[in-house]
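Topology and contacts: notes
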Amino acid sequence: MEIKRTIAYEGELDKSLLTRLSALPEGNLIRRCIQCGTCSGVCPLSIYMDSSPRKLIALIREGFGKEVLSSFTIWLCSSCYSCTVSCPQEIPITEIMYALKRMALEEKTYPRRFPVPVLAREFYRMVFKEGRNTEALLVLRLLAKTNILKTFSYLPMGLNLMLTRRLSLKKEKISRPSQLRKFLEAIKEVGK
Amino acid sequence: MNLAYYPGCSLKGTGKAYEKSTLAVFSALGLELQEIPDWNCCGATAYMAVDALASKALSFRNLVLAQKMEAKWVVAPCSACYLNLFKARKEYLDNKPTREKLCRTLKKTGWEYECSGLPEVLHPLHVLTELVGLEKIREKIRRPLKGLRVVPYYGCQLVRPYDGYDDPVHPVKMDLLLEVTGAEVISDYPLKTRCCGASVAGVLEEPGLNLNGALIKEAKRRGGELIATVCPLCQFNLETYQRKTENAGRMPILYFTQVLGLALGLEGKALGMEHLLYRPRLEV
Ligand code: SF4
Ligand code: SF4
């Protein structure tokens, strides 16, 4: 076992993530959190998370931004909005998870080769380029960029699709993807 | 009725049966769905994780295309597509800076569009229960599904976070619609809106097996013989994960439009029944 210090000293805390989140309308609301834990209780995926949604908020507020942005938690969030509709303080937790995902992708702090962020990025690229997503191609790219085969057997999925004639390798796209790309690029600029 | 149809990527691929059955049921009820020409992907949950404004922009383009068709409503059967379109429209109406950014940028990149209104976004379930009405559907039932024990499963993004037509945790609209078919609806199924894991279950096996296993197990415990879904991702996860669950499996997972279609007397082929992994015992 590696011996590591398990607590942080106050001087090591860094509240810059809290400051950045507070600049967003949805992010600023985490100041209202009363740490009741309702979100963690209703979250169907919290049993797999390194920090529950409630704890994630505590970490952000106390200055553990680095831990938050490199956590698995944000990528395990399936955007089911259970927490959002149950929070007594009406904090849009799902939207905050999205904001954290965006930061982690931009700063490349997400867990390496973890399939969820890789899927998000590949999906984004495909839609940006073609305007539509081709499910089979997306899975192939995911396989190439993660070690997903170690933990996942795609056999049942592929088998299901083949047995029921739903597997299509035809590339889907819109008629003029370049026009959409132009629009999305311009949006990126104004969004900054 | 002036209904534009937004299929989204899934309904052209893994969710083929959903497209077939939705179109068949709508036409049997005398409703025409006109596909939005050259629609683009809604960005699913992935786009929001990369770029928030671009995610709105994708749906905005689709809504503008529907507006050009002079549609009053856009109908989106996939829950993720529905929510993305709904959110984009809401933001467009409520948030002036976003509206201006979207409009200005769209025009600047060579589109002709006067930034006027945008069509309202509905799910097929809303069209059937709110616009058509249960009474009218009841008149068209040709083959009551007597004795069929159906579990209604709503999943997440249709009812959350916006619950304009129903409750976000305990919805009933699909229950009511399915009752019209003559089936026995298991309305007290407590996991109606418990998430199937969505795309997380699509890439991580353990949560996928666990979440979907629980949904199936409880559906069986309540005496259900098939599950009716409103979303292609739920249908896919619920169906596929049964292949790996010992002894738990083999429950047909249908789209609610397929169940309704059977009661309307439509043929299995028109409803895309051949795309199901497990077939229900009642088919024409
Ligand atoms: S439910 Fe809301 S108030 Fe309670 S811990 Fe979660 S975010 Fe905080
Ligand atoms: S939206 Fe994310 S964090 Fe909230 S309950 Fe669902 S999976 Fe958990």
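Residues numbered from 1 in each chain as written. Chains lettered and ligands numbered in written order. Predicted model: local features only at pLDDT ≥ 70, side-chain atom pairs only at ≥ 80, totals over all residues. Heavy atoms only, no water.

This part takes up the site of ligand 2. All names here are of chain A. Every residue lining ligand 2 is accounted for by Cys-43, Pro-44, Pro-53, Cys-77, Ser-78, Ser-79, Cys-80, Tyr-81, Ser-82, Cys-83, Thr-94 and Met-97. Of all the elements in the fold, those that place two or more residues in the shell around ligand 2 are helix H7 (82-86) and helix H8 (93-106). For the shell around ligand 2, the per-class residue count stands at 8 nonpolar, 4 polar and no charged. (Near = heavy atom within 4 Å. Helix = DSSP H or I, 4+ residues; strand = E, 2+ residues; numbered from the N terminus. Nonpolar A, V, L, I, M, F, W, Y, C, P; charged D, E, K, R; others polar.)

This paragraph deals with the site of ligand 1. Residues and elements named next belong to chain A. Inspection of the region around ligand 1 gives 14 residues, with Cys-33, Cys-36, Gly-37, Cys-39 and Cys-87 positioned closest. Secondary-structure elements contributing two or more residues to the shell around ligand 1 are helix H3 (38-42) and helix H4 (53-62). Looking at the shell around ligand 1 residue by residue, the class counts come to 9 nonpolar, 4 polar and 1 charged.

Right, let's talk about the domain arrangement of chain A for a bit. By a widely used convention, the size of an interface equals the accessible area lost when the partners come together. If you check the domain split of chain A, you get domain 1 (14-107) and domain 2 (115-191). Once you take the C-alpha centre of each, domain 1 of chain A and domain 2 of chain A turn out to be 27 Å apart. (Domains from an automatic or database assignment.)

All names here are of chain B. The 4 strands are arranged E2-E1-E3-E4 in an open sheet whose pairing can be described as parallel. Edge positions in the sheet fall to strand E2 (33-35) and strand E4 (120-122), since each of these pairs with one other strand and no more. The mean inter-strand angle of the sheet, taken between neighbouring strand axes irrespective of direction, is 35°. Of the strand pairs in this sheet, strand E1 (residues 3-5) and strand E3 (residues 73-75) are connected by 3 bridges, and their pairing is parallel. Looking at E3, one finds that Tyr-5 is bridged to Val-75. Helix H4 (residues 79-94) rests against E3 and E4 of the sheet, and its axis sits at about 160° to E4. (Pairing = 2+ DSSP bridges. Axes fitted to C-alpha atoms, helices over the stretch in contact; angles between N-to-C directions. Contact = heavy atoms within 4.5 Å.)

Contacts between chain B and chain A engage 66 residues on the former and 62 residues on the latter. Buried surface at the junction of chain B and chain A, both sides included, amounts to about 5,600 Å², of which 66% is carbon and sulfur. Area buried by chain B at its contact with chain A is led by Tyr47(B), Val50(B) and Val203(B), which between them contribute 11% of it. The tally of links between chain B and chain A comes to 1 salt bridge. In this structure, Glu95(A) and Lys87(B) form a salt bridge, with 2.9 Å as the shortest nitrogen-oxygen distance. Counting every contact that joins chain B to chain A gives 13 residue pairs in polar contact (both at pLDDT 80 or more). Among the elements of the structure, helix H1 (8-12), helix H3 (52-68), H4, helix H5 (96-108), helix H9 (198-203), helix H10 (205-221) and helix H11 (232-240) of chain B are those that each provide at least two residues to the side of chain B that touches chain A. It is H3(B) that provides the largest number of residues to the side of chain B that touches chain A, a total of 7 residues. Residues that form the side of chain B that touches chain A fall into these classes: 35 nonpolar, 17 polar and 14 charged. (Buried area = accessible area lost by both parts, 1.4 Å probe. Salt bridge = Lys/Arg side-chain N within 4 Å of Asp/Glu carboxyl O. Polar contact = N/O pair within 3.5 Å; in protein donor to acceptor, adjacent residues only side chain to side chain.)

Okay, the packing of aromatic side chains next. Inspection of the entire model under this criterion finds 10 aromatic pairs over all chains. Centre to centre, the rings of Phe72(A) and Phe114(A) are 4.8 Å apart; their planes meet at 90°, and the pair counts as edge-to-face. With a gap of 42 residues between them, Phe72(A) in the loop between helix H5 (65-69) and helix H6 (73-76) and Phe114(A) in the loop between H8 and helix H9 (115-130) connect regions that are remote in the sequence. Aromatic side chains Tyr18(B) and Phe256(B) sit 6.5 Å apart centroid to centroid with 75° between the ring planes, which places their arrangement in the edge-to-face category. On the criterion of sequence distance, the pair formed by Tyr18(B) in helix H2 (residues 16-28) and Phe256(B) in helix H12 (residues 256-263) is long-range, its members being 238 residues apart. Under the relative-accessibility criterion, Tyr18(B) is labelled buried at 0%. Judged by its relative accessible area of 0%, Phe256(B) is buried. Ring pairing ties together the aromatic residues Tyr124(A), Phe128(A) and Tyr47(B), which thus form one cluster. Its end group placed over the ring of Trp39(B), Arg132(A) keeps NZ or CZ at 3.5 Å from the ring centre. The aromatic ring of Tyr92(B) is capped on one face by Arg99(B), whose charged end is 6.0 Å from the ring centroid. (Phe/Tyr/Trp six-rings, centres within 6.5 Å; stacked < 30°, edge-to-face > 60°. Buried < 20%, exposed > 50% of the residue type's maximum accessible area, 1.4 Å probe, protein only. Lys NZ or Arg CZ within 6 Å of the ring centre and 35° of its normal.)

It is worth spelling out the domain arrangement of chain B at this point. All names here are of chain B. When the domains of chain B are assigned, the result is domain 1 (3-122) and domain 2 (141-275). For domain 1 and domain 2, the distance between their C-alpha centres works out to 25 Å. Taken together, the contacts link 26 residues of domain 1 with 25 residues of domain 2. Contact between domain 1 and domain 2 buries roughly 2,000 Å² in total, counting both sides, with carbon and sulfur atoms accounting for 70%. Where domain 1 touches domain 2, the interface holds 1 salt bridge. Viewed at the interface, domain 2 and domain 1 are joined by 5 residue pairs in polar contact (both at pLDDT 80 or more). Counting only elements with at least two residues in the side of domain 1 that touches domain 2, the list comes to H1, H2, H4 and E4. Examining the composition of the side of domain 1 that touches domain 2, we find that 9 residues originate from one element, H2, more than from any other. For the side of domain 1 that touches domain 2, the class distribution of residues is 14 nonpolar, 7 polar and 5 charged.

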